Amino acid sequence: MSLQKEISKRRTFGIISHPDAGKTTLTEKLLLFGGAIQEAGAVKSNKIKKGATSDFMEIERQRGISVATSVLAFNYRDKKINILDTPGHKDFAEDTFRTLTAVDSVIVVIDVAKGVEEQTEKLVEVCRMRNIPMIVFINKLDREGKDAFDLLDEVEQKLGLRVTPLSFPIGMGYDFKGIYNIWEKNINLFSGDSRKNIEETIAFDDVESPELDELIGEAHAESLRENLELTYEVYPDFDRDAYLKGELQPVFFGSALNNFGVRELLDCFIELAPAPRPKQSNTRLVDPNEEAFSGFVFKIHANMDPKHRDRLAFIKIVSGTFERNKPYLHVRNKKKLKFSSPNAFFAEKKEIVDISYAGDIVGLHDTGNFKIGDTLTEGEEMLFKGIPSFSPEHFRYINNADPMKSKQLEKGIDQLMDEGVAQLFTLELNGRKIIGTVGALQYEVIQYRLEHEYGAKCTYENFPVFKACWIEPEDPKNEEYQEFLRVKQKFLAKDKKGQLVFLADSPFSIDMAKQKYPSVKLHYVSEYK
Ligand code: G4P
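Thresholds applied
- Residues numbered from 1 in each chain as written.
- Predicted model: local features only at pLDDT ≥ 70, side-chain atom pairs only at ≥ 80, totals over all residues.
- Helix = DSSP H or I, 4+ residues; strand = E, 2+ residues; numbered from the N terminus.
- Buried ≥ 20, exposed ≤ 12 C-beta atoms within 10 Å, placed from the backbone.
- Contact = placed C-beta atoms within 7 Å.
- Expected span 1.5 Å × (residues − 1).
- Arc of directions from axis to C-beta.
- Pairing = 2+ DSSP bridges.
- Axes fitted to C-alpha atoms, helices over the stretch in contact; angles between N-to-C directions.
- Near = placed C-beta within 6 Å.
- Nonpolar A, V, L, I, M, F, W, Y, C, P; charged D, E, K, R; others polar.
- Parallel < 35°, antiparallel > 145°, perpendicular 65-115°, else oblique.
- Left-handed = near helix turned anticlockwise from the far one by under 90°.
- Core = buried A, V, L, I, M, F, W, Y, C linked by C-beta atoms within 7 Å.
- pLDDT = per-residue confidence, 0-100.

Visitor: Tell me about the overall build of the chain, and please be specific about residues and values.
Guide: From N to C terminus, the chain includes 14 helices and 31 strands. Relative to its 529 residues, the chain shows a buried fraction of 43%. Summarising the internal contacts of the chain: among those between residues at least 6 apart in sequence, 72% fall at separations of at least 24.

Structure representation (structure tokens):
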């Protein structure tokens with residue numbers, strides 16, 4: 001098969017949601033359709049369960065599972081589907097943000113009763129910034145929830161989206177009768193039987209027909225007609241170009257647990273969702289169909305077995321093909337590397353493959369060469385853009401608790417930061433190290449992993465910072481900037497890439513700095529250009 005044909009078959013996407021909305025359940029049903037798993041319950045949830053185990057043990061458990069669920073691939077019809085795992089827990093938000101740089105589209109899952117929740121808002125905002133095409137799936141229609149129109153309003157307002165429903169529920173909860181599929185113009189009746197794999201649908205071009213009353217009862221038929229009329233009046237017609245540009249989001253309703261409405265979602269998804277898309281590098285826009293391979297690291301899993309320093313770097317192939325044993329250029333290190341056992345992913349299994357195509361993910365065994373964001377090419381010196389660091393939410397000094405082990409501590413911190421577990425800042429004034437994280441949980445994880453994987457001990461000390469702001473001077477030589485550096489000396493640090501940041505202790509001090517030094521721009525994201 002030609003390169004272009006192979007690549008155009010790929011659909012690489014992520015499912016995003018607030019925890020408990022039904023991401024794992026939906027993933028599992030999608031895999032069932034692909035024949036990749038045989039029974040429900042096969043996909044393990046990587047949720048952080050609050051329970052008897054302490055939080056960091058729970059995270060270790062989660063980490064074990066998330067190796068298995070990092071990429072779930074299957075074939076459906078003539079498409080190769082790659083689902084990238086995006087943890088919903090807020091402490092892993094940074095992980096999810098990075099994974100979103102490797103997807104070509106997303107499905108947003110929303111709980112019909114809870115509506116738009118906090119984590120969904122944050123993740124959708126990142127997708128909106130990147131114009132990632134999104135399809136919305138409103139889940140749990142077998143339960144009582146919010147009115148469909150109210151929910152659509154909420155999605156538009158809270159998520160800043162412009163939606164158009166491609167299906168519409170008939171009743172809900174106890175009274176849930178089924179779904180009218182606006183896209184396919186048919187009705188799918190709900191039987192509550194989750195074992196059914198292929199739902200039977202009844203074609204219904206004309207909802208005015210009296211047959212509709214016979215099928216779902218007069219009251220439901222009448223309200224469906226009204227709802228559809230309103231839908232056609234209020235919402236724009238579906239337009240694929242607008243969807244692909246991230247300007248219009250189609251909405252589906254269903255119940256993942258009952259495997260209801262999932263087939264419609266999947267069928268529509270493979271028809272609408274984009275094949276691998278071009279990606280910007282620092283020198284040019286790279287097209288997936290180019291012959292030459294290029295790709296970037298968006299995730300690193302390390303030391304699952306503390307006895308072996310095993311790391312698995314996940315590469316999204318941006319263009320061409322990745323071949324086993326072929327030398328590729330690690331652009332940052334200027335080194336040529338060969339990989340004898342690249343892993344491809346199928347359902348929950350990894351296997352060694354000879355060739356993978358743009359859109360696919362390969363897992364490369366790594367002995368410490370890779371950092372998140374690294375680019376691999378066939379020789380071209382370019383770097384992919386778009387793996388920014390966001391300002392952490394928590395900041396603490398990290399101290400060495402065992403002076404005999406300072407080398408180990410340094411190495412451990414270094415590697416954990418490469419993996420993207422947290423961010424390291426080094427104070428300009430005295431060289432003290434500060435760890436910034438998205439969630440407080442990460443401190444326990446770091447402490448635990450430093451001890452168990454590197455034999456080093458650390459303690460933390462509070463450091464009151466509100467946000468890290470990356471500094472962009474208009475002119476590094478100007479007087480104003482020099483004064484800013486002098487006055488803020490105590491609050492200046494370098495990030496791991498050597499970029500200067502201002503560790504502001506309050507929103508007030510950021511406002512003051514902006515007022516006093518208008519030529520010094522402050523950014524909450526490391527990649528601001
Ligand atoms: P997540 O990955 O987004 O965090 O959510 P997950 O799929 O784990 O689903 C969260 C809970 O919601 C699960 O119940 C799941 O069974 C339930 N659920 C998912 N889809 C539907 C649906 O369409 N209808 C109904 N009624 N429930 C649904 P749980 O009790 O928390 O977990 P479990 O013990 O069933 O695994």
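Past the structure itself, the notes keep going.
Visitor: Which residues make up helix α5 (residues 118-129), and what values go with them?
Guide: With twelve residues, α5 extends 17 Å between its outermost C-alpha atoms, agreeing within 8% with the 16 Å of an ideal straight helix rising 1.5 Å per residue. Within the span of α5, buried status applies to Gln119, Thr120, Leu123, Val124 and Cys127. For α5, the angular spread of buried residues about the axis comes to 120°, placing them on one side. Among the exposed residues of α5, those pointing more than 90 degrees away from its buried face are Glu118, Glu125 and Met129. Check the buried side of α5 and you find it contacts β1 (10-17), α4 (93-99), β4 (105-111), β5 (134-139) and α6 (148-159). Directly beyond the C-terminal end of α5, a positive phi value near 50° is found at Asn131.

Visitor: Lay out the pairing of strand β30 (residues 500-504) in plain terms, naming residues and giving numbers.
Guide: Of all five residues making up β30, four are buried, and the element is well covered by its neighbours. In this structure, strand β28 (residues 467-473) lies alongside β30, joined through four bridges in antiparallel fashion. From the neighbouring strand, Cys469 faces β30, where its bridge partner is Phe502. Pairing of strand β29 (residues 492-494) with β30 involves three bridges; the strand directions are antiparallel. Looking across to β30, one finds that Leu492 is bridged to Phe502. Counting the residues between successive antiparallel strands, the hairpin from β29 to β30 contains five residues, one of them, Gly498, with a positive phi of roughly 85°.

Visitor: Run through the sheet that holds strand β10 (residues 201-203), naming residues and quoting values.
Guide: Remark on secondary structure: sheet strands pair via backbone hydrogen bonds, oriented parallel or antiparallel. As summarised here, the arrangement of the four strands in space is β7-β8-β9-β10, forming an open sheet in which the pairing is antiparallel. What marks the edges here is a single partner per strand, and that holds for β7 (167-170) and β10. Taken pair by pair, the neighbouring strands of this sheet meet at an average axis angle of 25°, ignoring direction. The pairing of β7 with strand β8 (residues 178-181) spans four bridges and is antiparallel. Looking at the pairing, Ile170 lines up with Gly178 of β8.

Visitor: Tell me about the site of the ligand, and name the residues and values.
Guide: Of all residues adjacent to the ligand, which total 19 residues, the nearest are Lys23, Thr24, Thr25, Ser255 and Leu257. At three residues, the largest contribution of residues to the shell around the ligand is made by helix α2 (residues 23-33). A class-by-class count of the residues in the shell around the ligand yields four nonpolar, nine polar and six charged.

Visitor: Explain the packing of α2 against helix α10 (residues 262-272) to me, and be specific about the residues and the numbers.
Guide: At a minimum axis separation of 10 Å, α2 and α10 run at an interaxial angle of 70°. The orientation of α2 relative to α10 falls into the category roughly perpendicular. Between α2, through Leu26, Lys29, Leu30 and Phe33, and α10, the contact on the second element is made entirely by Val262, Arg263 and Leu266. Taken together, the residues that form the contact of α2 with α10 break down as five nonpolar, no polar and two charged.

Visitor: So what's going on with unusual backbone geometry? Residues and values would help.
Guide: Located in the positive-phi region is Arg77, a residue other than glycine, with phi close to 50°. Locating Arg77 in the fold gives a position in the loop between β2 (71-76) and β3 (79-84). Even without being glycine, Asn131 reaches a positive phi, approximately 50°. Secondary-structure assignment places Asn131 in the loop between α5 and β5. For Asn131, a count of 11 C-beta atoms within 10 Å translates into the label exposed.

Visitor: Describe the environment of Asp78, with residues and values.
Guide: Tracing the sequence through the fold places Asp78 in the loop between β2 and β3. For the pair Asp78 and Ile270, spaced 192 residues apart in sequence, the C-alpha to C-alpha distance is 9.3 Å.

Visitor: Residues and numbers for the packing of helix α11 (residues 406-419) against helix α12 (residues 441-454), please.
Guide: At their nearest, the axes of α11 and α12 sit 10 Å apart, and the two run at 120° to each other. Taken as axis vectors, α11 and α12 run oblique relative to one another. For the pair α11 and α12, the crossing hand works out as right-handed. In this structure, α11 uses Gln408, Leu409, Lys411, Gly412 and Leu416 to contact α12, whose residues at the interface are Ile446, Arg449, Leu450, Glu453 and Tyr454. Partitioned by chemical class, the residues of the contact of α11 with α12 number five nonpolar, two polar and three charged.

Visitor: Tell me what's going on with the environment of Asp495, and back it up with residues and numbers.
Guide: Within the secondary structure, Asp495 is located in the loop between β29 and β30. Residues Asp495 and Phe425, spaced 70 residues apart in sequence, show a C-alpha to C-alpha distance of 4.6 Å. Sequence-distant contacts of Asp495, defined by excluding residues within four places in its chain, comprise Gln423, Phe425, Val501 and Ser526.

Visitor: Which residues make up the nonpolar core, and what are the values?
Guide: Of all hydrophobic cores here, the largest spans 98 residues; its most connected members are Val106, Val108, Val136, Phe137, Val297 and Ile315. Those residues in contact with Val108, other than ones at most four positions away along the chain, are Ile16, Ser17, Thr120, Val124, Met134, Val136 and Phe137.

Visitor: Help me get a handle on the sheet that holds strand β24 (residues 394-400), residues and values and all.
Guide: With antiparallel pairing, eight strands are arranged side by side in an open sheet as β27-β24-β26-β25-β29-β30-β28-β31. Each edge of the open sheet is held by one strand with a lone partner, namely β27 (458-462) and β31 (520-523). Pairwise comparison of adjacent strand axes, ignoring direction, gives a mean angle of 40° for this sheet. Packed on one face of the sheet, α11 meets β24, β25 (423-427) and β27 and runs near 125° to β25.

Visitor: So what about the confidence of the model for the chain? Which residues, and what values?
Guide: The share of residues in the chain with pLDDT of 70 or more is 90%, and the mean pLDDT across the chain is 88. Ranking the helices and strands of the chain by mean pLDDT puts β5 first, with 98, and helix α3 (residues 55-69) last, with 59. Across the whole predicted complex the pTM is 0.87, and at the interface the ipTM reaches 0.97.

Visitor: Which residues make up the environment of Phe298, and what values do they have?
Guide: Along the chain, Phe298 falls in strand β14 (residues 294-302). Residues Phe298 and Glu226, spaced 72 residues apart in sequence, show a C-alpha to C-alpha distance of 47 Å. Ignoring anything within four residues of it in the chain, the contact list for Phe298 reads Arg98, Thr99, Thr101, Ala102, Phe314, Lys316, Ile372 and Ile387.

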